[in-house]
Amino acid sequence: MKFGIFYEHQLPRPWEEGSEQRLFQEALDQIEYADSIGIDYVWEVEHHFLEEYSHSSAPEVFLAAASQRTKRMRLGHGVIQTSPAYNHPARIAERLSTLDLVSNGRVDFGSGESSSEAELGGFGIDPEVKRAMWEEGLRVAVRCMTEAPFTGHAGEFVTMPPRNVVPKPVQKPHPPLWLACSRKDTIHFAAQHGMGALAFAFADPEEAKHWVDDYYETLASEGVPIGDAVNPNLACVTTFMCHEDEQVALARGLEGANFFGYSLAHYYIFGRHQPGVTDVWSEYGDRRREHGFDPDAVAMAEANADRLGAKVVSGDQSGLRGAIGTPDQVREYLRRYEECGIDQVILCFQAGKNRHEHIMESLELLARDVLPEFAEREIEAQAKKDLRLAPVVEAVMARKPASDHPPLQSPDYEFPAIPRLMADRMNSDEFHAWLDNVAEASASGNSDDVRGLLE
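Residues numbered from 1 in each chain as written. Predicted model: local features only at pLDDT ≥ 70, side-chain atom pairs only at ≥ 80, totals over all residues. Heavy atoms only, no water.

We now examine the overall build of the protein chain. Summing up its helical and strand segments, the protein chain has 16 helices and 13 strands in all. Over its C-alpha atoms the protein chain spans a radius of gyration of 25 Å, differing by no more than 12% from the 23 Å that the globule rule assigns to 455 residues. Dimensions along the principal axes, computed over C-alpha positions, put the protein chain at roughly 90 × 55 × 40 Å. Here the protein chain, with 455 residues, has 52% of them falling under the buried criterion. (Helix = DSSP H or I, 4+ residues; strand = E, 2+ residues; numbered from the N terminus. Rg over C-alpha atoms; globule rule 2.2 N^0.38 Å. Buried < 20%, exposed > 50% of the residue type's maximum accessible area, 1.4 Å probe, protein only.)

Below you can see the structure in the form of structure tokens.
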């Protein structure tokens, strides 16, 4: 089983001058250290307008910075919002390929559609068609990375003529594709499309076991790849904070972990938000006993004293816990994910007001007391998995329709520069002759002749 780390760039109020700068710089320090201790992936979200919950609106810039602070860690977009209203698919392809080049082929391409009014409404996206927009944007982005030239597309949401989109990625045919999943049905959907499933629901390993079984059964029986390669992997996210004293780990990690859940629900379920005004952190503090979680009460609860769970319960209130505890507790919890067949556990520790020094101490304990035994098993387990899935992947790829890569409508397709187009429309031999003279002067390298012609 592999390990990843996860960033929303959460920044609860009140904000001070330099708060965002410090947040980003500390995250880069954490990523650099995580790379050095053997963490396999860093995942970075794309969100817009979700104050406090996520200040990660330009993940391609942040991951580019992380690429220069790391050597082996894979750089995961978790996710790019591929609706063309958010990101034009040609621009997605260009940014991904550039990141793949500067990182020497370490990019993973997760995609998603979002479901918050803050984002959908902010970009004028109708929730009824967001799934269709996601899919069309993704398909075109993949084609832009793999076709030379891209042969053009005229769809419901994207219209683009043939162009050769450059640069192309290091990884062929393209970086691995993942889909953001919050429910079992979207995990099923990822398998149907030959994509890795990024399960962002906080669930216990025993619950995730049902996802694993369905994912691989669906991939084998129904998988038709949306891209030009299959990525047969399922990853789960869990909260994380570690200390040799359980109560210290709880004190350091629970409040932030549950602000993560509360602030998510604020934007996606129950909140009313006034941009630039609403204080989500204060609401969380005032209402946590009513709407989700009391860290002090859960710290005293005995329901999970013997075994960690994704959630902890105190009375009729529940909240997130996950991998928050001692090294022994964290190790046992993660083993259960490994035993049920999860391919990657993604640790979420940058949440709420969790402190940088506590995160770094947790990573140090993870490296010393938890990761080594998993690393020992990973190479052999991956080799066995690759061998087992080879015929499945071959069968899935055989189902890919040739129509996914349509040919150029005309093999002689070309587009003229604007002055040449004007000469065509004017049917002016004199104009064409003048443009030919400009070309000759440019080829000769005589800038004075070029300037003279253009004046």
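In this section: the environment of S410. The topology assignment puts S410 in the loop between α13 (371-398) and α14 (418-426). Overall, S410 belongs to the partly exposed group, its relative accessible area being 31%. In sequence terms S410 and T151 are 259 residues apart; their C-alpha atoms lie 9.5 Å from each other.

Counted as a void, the second largest pocket has a volume near 390 Å³. L11, R22, E26, K353 and N354 are, among the 19 residues lining the second largest pocket, the residues nearest its centre. Secondary-structure elements contributing two or more residues to the lining of the second largest pocket are α1 (19-36) and α12 (356-369). In terms of residue count, the dominant contributor to the lining of the second largest pocket is α1 (five residues). Class assignment of the residues belonging to the lining of the second largest pocket gives a composition of six nonpolar, seven polar and six charged. (1 Å grid on protein atoms, 1.4 Å probe; cavity = no way out; pocket = protein on both sides within 12 Å on 5 of 7 lines; lining within 4 Å. Points joined across faces, edges and corners; volume = space filled by probe spheres on them. Nonpolar A, V, L, I, M, F, W, Y, C, P; charged D, E, K, R; others polar.)

Within this structure, the stated rule accounts for 33 salt bridges. Among the salt bridges present, the one from R335 reaches E373, with a minimum N-O distance of 2.8 Å. A residue pair is termed long-range when its members are at least 10 positions apart, and R335 in helix α11 (residues 327-339) and E373 in helix α13 qualify at 38 residues. Look at R335 and you get partly exposed, because its relative accessible area is 33%. Residues D343 and K385 are paired through a salt bridge, measuring 2.7 Å at the closest nitrogen-oxygen approach. With D343 in the loop between α11 and β13 (344-348) and K385 in helix α13, this residue pair connects regions lying 42 residues apart in the sequence. Salt bridges sharing partners connect three or more residues here, namely D328, R331, R335, E338, E373 and R377. (Salt bridge = Lys/Arg side-chain N within 4 Å of Asp/Glu carboxyl O.)

Glancing now at the nonpolar core. Soluble globular proteins: nonpolar side chains tend toward being buried together. Counting residues in hydrophobic clusters, the biggest one holds 84 residues, and the most contacted among them are I5, I39, L234, F240, L334 and I342. Take this core: its biggest share by element is seven residues, from helix α5 (residues 130-146). Ignoring sequence-local partners within four residues, the contact set of I342 consists of M1, A208, V212, L234, C236 and Y337. (Core = buried A, V, L, I, M, F, W, Y, C linked by side-chain atoms within 4.5 Å. Contact = heavy atoms within 4.5 Å.)

So, about the packing of helix α7 (residues 205-222) against α13. Running from N to C, α7 and α13 cross one another at 40°; their axes reach a closest spacing of 8 Å. Relative to α13, the element α7 lies oblique. Contacts between α7 and α13 involve Y216, L219 and A220 from the former and K385, L389, V392 and V396 from the latter. Among the residues forming the contact of α7 with α13, the class breakdown is six nonpolar, no polar and one charged. (Axes fitted to C-alpha atoms, helices over the stretch in contact; angles between N-to-C directions. Parallel < 35°, antiparallel > 145°, perpendicular 65-115°, else oblique.)

Attention now goes to the pairing of strand β4 (residues 107-112). Strand residues, when the strand is regular, have side chains that alternate between the two faces of the sheet. Of all the six residues making up β4, six are buried; the element is thus mostly covered by neighbouring parts of the structure. Residues V107, F109 and S111 of β4 are buried on one face, and the alternating residues D108, G110 and G112, pointing to the opposite face, are buried as well. Strand direction decides the pairing type here: strand β3 (residues 74-81) and β4, joined by five bridges, are parallel. Within β4, the position partnered with L75 by the bridge is V107. What joins β3 to β4 is helix α3 (residues 89-102), and the crossover it makes is right-handed. As judged from the three bridges shared by β4 and strand β7 (residues 177-181), these two strands associate in the parallel manner. Residue pairing in the sheet places F109 in a bridge with L177 of β7. (Pairing = 2+ DSSP bridges. Right-handed = clockwise from strand over helix to strand, strands pointing away.)

It is worth spelling out helix α8 (residues 246-270) at this point. Roughly 35° is the biggest bend found in α8, and it falls at G253. Here α8 starts with a cap whose side-chain oxygen sits 2.9 Å from the backbone nitrogen of Q247, and that cap is D245. (Bend = angle between axes of the 7 residues up to and from the residue. Polar contact = N/O pair within 3.5 Å; in protein donor to acceptor, adjacent residues only side chain to side chain.)

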